[in-house]
Amino acid sequence: MMEKIFARGERPVTAPAPDGGHRHRADNGSHGDADGHSMQVRNLHKAFGDSAVMKGLSLDFVDEAITTILGPSGTGKSVLIKHLVGLLEPDQGEVLVFGRNIWGISENERYEIRKKFGVLFQDGALFGSMNIYDNVAFPLRKHTDRAEDEIEHTVMSHIKEVGLEEAIDKYPGELSGGMRKRAGFARALVMKPQIVLFDEPDSGLDPVRTSLLCDLILDIHREHGGTYLVVTHDIESAKKVSDYIGVLWKGNVVHYGDASSAFGSDDPFVRQFLSGASAGPLGMD
Ligand SMILES: Nc1ncnc2c1ncn2[C@@H]1O[C@H](COP(=O)(O)OP(=O)(O)OP(=O)(O)O)[C@@H](O)[C@H]1O
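No experiment lies behind these values; they were computed from the predicted model shown.

1. Some thoughts on the sheet that holds strand β1 (residues 39-48)
Strand order in the open sheet formed by four strands is β2-β1-β4-β5, with antiparallel pairing between adjacent strands. Both outer strands of the open sheet, β2 (51-60) and β5 (100-101), are each paired with one neighbouring strand and no more. Bridge count between β1 and β2: seven bridges; the pairing is antiparallel. Note on β2: the bridge partner recorded for H45 is K55.

2. A closer look at the site of the ligand
Every residue close to the ligand is listed here: F48, V53, P72, S73, G74, T75, G76, K77, S78, V79, E200 and H233. Measuring from an oxygen atom of the ligand, one finds a backbone N or O atom of V79 at 2.9 Å. A total of 640 Å² of accessible area belongs to the ligand in isolation, and the protein chains cover 58% of it. The element best represented in the shell around the ligand is helix α2 (residues 77-84), accounting for three residues.

3. Focus: the packing of helix α4 (residues 132-143) against helix α6 (residues 177-189)
One can describe the packing of α4 onto α6 by two numbers: an axis separation of 7 Å at closest approach and a directional angle of 30 degrees. Overall, the two elements α4 and α6 adopt an arrangement that is roughly parallel. As for how α4 packs across α6, the hand of that crossing is right-handed. Contacts from I132, N135, V136 and P139 in α4 reach A183, A186 and R187 in α6. For the contact of α4 with α6, the per-class residue count stands at five nonpolar, one polar and one charged.

Basis of the calculations
- Residues numbered from 1 in each chain as written.
- Predicted model: local features only at pLDDT ≥ 70, side-chain atom pairs only at ≥ 80, totals over all residues.
- Heavy atoms only, no water.
- Pairing = 2+ DSSP bridges.
- Helix = DSSP H or I, 4+ residues; strand = E, 2+ residues; numbered from the N terminus.
- Near = heavy atom within 4 Å.
- Polar contact = N/O pair within 3.5 Å; in protein donor to acceptor, adjacent residues only side chain to side chain.
- Areas by Shrake-Rupley, 256 points an atom, 1.4 Å probe, with all protein chains shown as cover.
- Axes fitted to C-alpha atoms, helices over the stretch in contact; angles between N-to-C directions.
- Parallel < 35°, antiparallel > 145°, perpendicular 65-115°, else oblique.
- Left-handed = near helix turned anticlockwise from the far one by under 90°.
- Contact = heavy atoms within 4.5 Å.
- Nonpolar A, V, L, I, M, F, W, Y, C, P; charged D, E, K, R; others polar.

In short, the description is geometric, and any link to function would need to be established separately.
Here is the structure:
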């Protein structure tokens, strides 16, 4: 497993690597400057009622790399993803995508930026009334004026890539969880997104299917490139796919660095969480 991490670390990245735990504390006030990063979060605060979920989180994601965000249940991983795609508005702080504060621009501009994202939600988020082909074709039909034969070419190339060519006429309800995720992945790719977000791609999958899905993520990233963010609490998946790892706890980043630095961290919480130990700062609450 560890060899894989180091092998991935050899791939070129277009932005400087995080410095093992300090870079996430981004404190320069230069707004609107991508600074080589397509996704940045600055001092993000978010509360639901009395419950503060994000408490000043800052993070610069490394372009063209796979970053995994790990953290215990309820720590705000999905809330972070929703902020990145503009589904939640921060109470305070900024989400910068390609250097633009997505809440400092018009709804139309935000909509245009969203098209640069591919998102794989936990259950694939497929339309139950459409077959797999139509589900994957949906973004192209909705957001482009491409002719059907052109759409077919793109759709079939991504369906083949995820190994679902035998299932194009099937409906989501007829597929296994793993197949639904692969269909969701194909759909996330058809608009050629520069950023792909995965919300717990391993949820509900057995270890073998999880490992195969991780292989697929790696293969497709190698083929198409892009900035990938994977949110999970599955340590094995993180070991397998990550170039960089961010660990969240209690609304903040407690570690951010390349994958080997996370697994070598001295921080008691990071050590406990990544080893799955019951003794340590993380309890049942
Ligand atoms: N729309 C909302 N309204 C109220 N509370 C919310 C809302 N969305 C999230 N929360 C709360 O925010 C906290 C963080 O939730 P989130 O789903 O981001 O956790 P997570 O780290 O993704 O957890 P898991 O690993 O279990 O999926 C939880 O306490 C959750 O109940």
